[in-house]
Amino acid sequence: AHGFEVGTWYHLTITYAGNSASPKTLKGYIDGEEVFDTTTSWPDADNENGIPIYFGARNAIAVEGYNLGWSCGLDEVAIFDEVKDSDWIISAYNAGKPNDLQNESGLVGYWRFEEGSKTTVKDLSGNGNHGTFAPISGDTTALPTWSKDTP
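Now for a description of the structure that goes with this document.

What counts and what doesn't
- Residues numbered from 1 in each chain as written.
- Predicted model: local features only at pLDDT ≥ 70, side-chain atom pairs only at ≥ 80, totals over all residues.
- Heavy atoms only, no water.
- Polar contact = N/O pair within 3.5 Å; in protein donor to acceptor, adjacent residues only side chain to side chain.
- Helix = DSSP H or I, 4+ residues; strand = E, 2+ residues; numbered from the N terminus.
- Buried < 20%, exposed > 50% of the residue type's maximum accessible area, 1.4 Å probe, protein only.
- Contact = heavy atoms within 4.5 Å.
- Phe/Tyr/Trp six-rings, centres within 6.5 Å; stacked < 30°, edge-to-face > 60°.
- Lys NZ or Arg CZ within 6 Å of the ring centre and 35° of its normal.
- Pairing = 2+ DSSP bridges.
- Axes fitted to C-alpha atoms, helices over the stretch in contact; angles between N-to-C directions.

## Observations concerning helix 1 (residues 86-93)
Phase 1: Capping the start of helix 1 is the job of one residue whose side-chain oxygen sits 3.2 Å from the backbone nitrogen of Asp87: Asp85.
Phase 2: Within two residues after helix 1, Asn94 carries a phi angle of roughly 50°, on the positive side.

Below, the structure written as structure tokens:
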């Protein structure tokens, strides 16, 4: 029940302060405005392999892999290893105009989705966390498509 409208771009930011040891602060922002502030804990990860992150779907612990996918467009996805405050989030939102975040502190992964073809999405953080488009709904021939539609 996110309230998003089809055909409208949104700037979604999630911050999580902490680790799996105990519940930590989880905040969510849509278009620079805080929409929730709660506590939670991240499940323990396999230290060697980590926990995969799926954009545009839910990764349920009880189900392996891509689950409950959404028909959506993604652009400008970034992950940081430090919590950003609300002033930074408003600045990054930039009234809906994407900023280049390559020189921001704490950057772990940054995908601008500018390749325009094939299935690899290049990580611009310098950490080599390149992404791969996954099949849609388990159909190995139905991959997401590139689009020039951007915010």
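Structure shown, so let's carry the discussion forward.
## Details of unusual backbone geometry
Phase 1: Phi at Asn94 is positive, roughly 50°, even though this residue is not glycine.
Phase 2: Assignment of secondary structure puts Asn94 in the loop between helix 1 and strand 5 (107-111).
Phase 3: Residue classification places Asn94 among the partly exposed positions, given a relative accessible area of 32%.

## A look at the side chain of Asp123
Phase 1: Tracing the sequence through the fold places Asp123 in the loop between strand 6 (120-121) and strand 7 (131-132).
Phase 2: A polar contact is formed between the side chain of Asp123 and the backbone nitrogen of Gly128, at a distance of 3.4 Å.
Phase 3: Setting aside its immediate chain neighbours within four residues, Asp123 contacts Val108, Gly109, Tyr110, Trp111, Gly128, Asn129 and His130.

## Remarks on the packing of aromatic side chains
Centre distance and the angle of the planes are the two values used to describe a pair of aromatic rings.
Phase 1: Applying the stated criterion across every chain, the model contains two aromatic pairs.
Phase 2: With a centroid separation of 4.4 Å and 20° between ring planes, the pair formed by Phe4 and Tyr10 is classed as stacked.
Phase 3: Positioned over the ring face of Trp88 is Lys84, at 5.2 Å from the centre of the ring.

## Examining the sheet that holds strand 1 (residues 12-17)
Each strand in a sheet pairs with its neighbour through backbone hydrogen bonds, running either in the same direction (parallel) or in the opposite one (antiparallel).
Phase 1: Across the sheet, which stays open at both edges, the three strands sit in the order 1-2-3 with antiparallel pairing between neighbours. Both outer strands of the open sheet, strand 1 and strand 3 (33-40), are each paired with one neighbouring strand and no more. Across the sheet, the axes of successive neighbouring strands diverge by a mean angle of 15°, strand direction being ignored.
Phase 2: In the sheet, strand 2 (residues 24-30) pairs with strand 3 via seven bridges, with the strands oriented antiparallel. For Tyr29, the partnering residue across the bridge sits in strand 3 and is Glu34.

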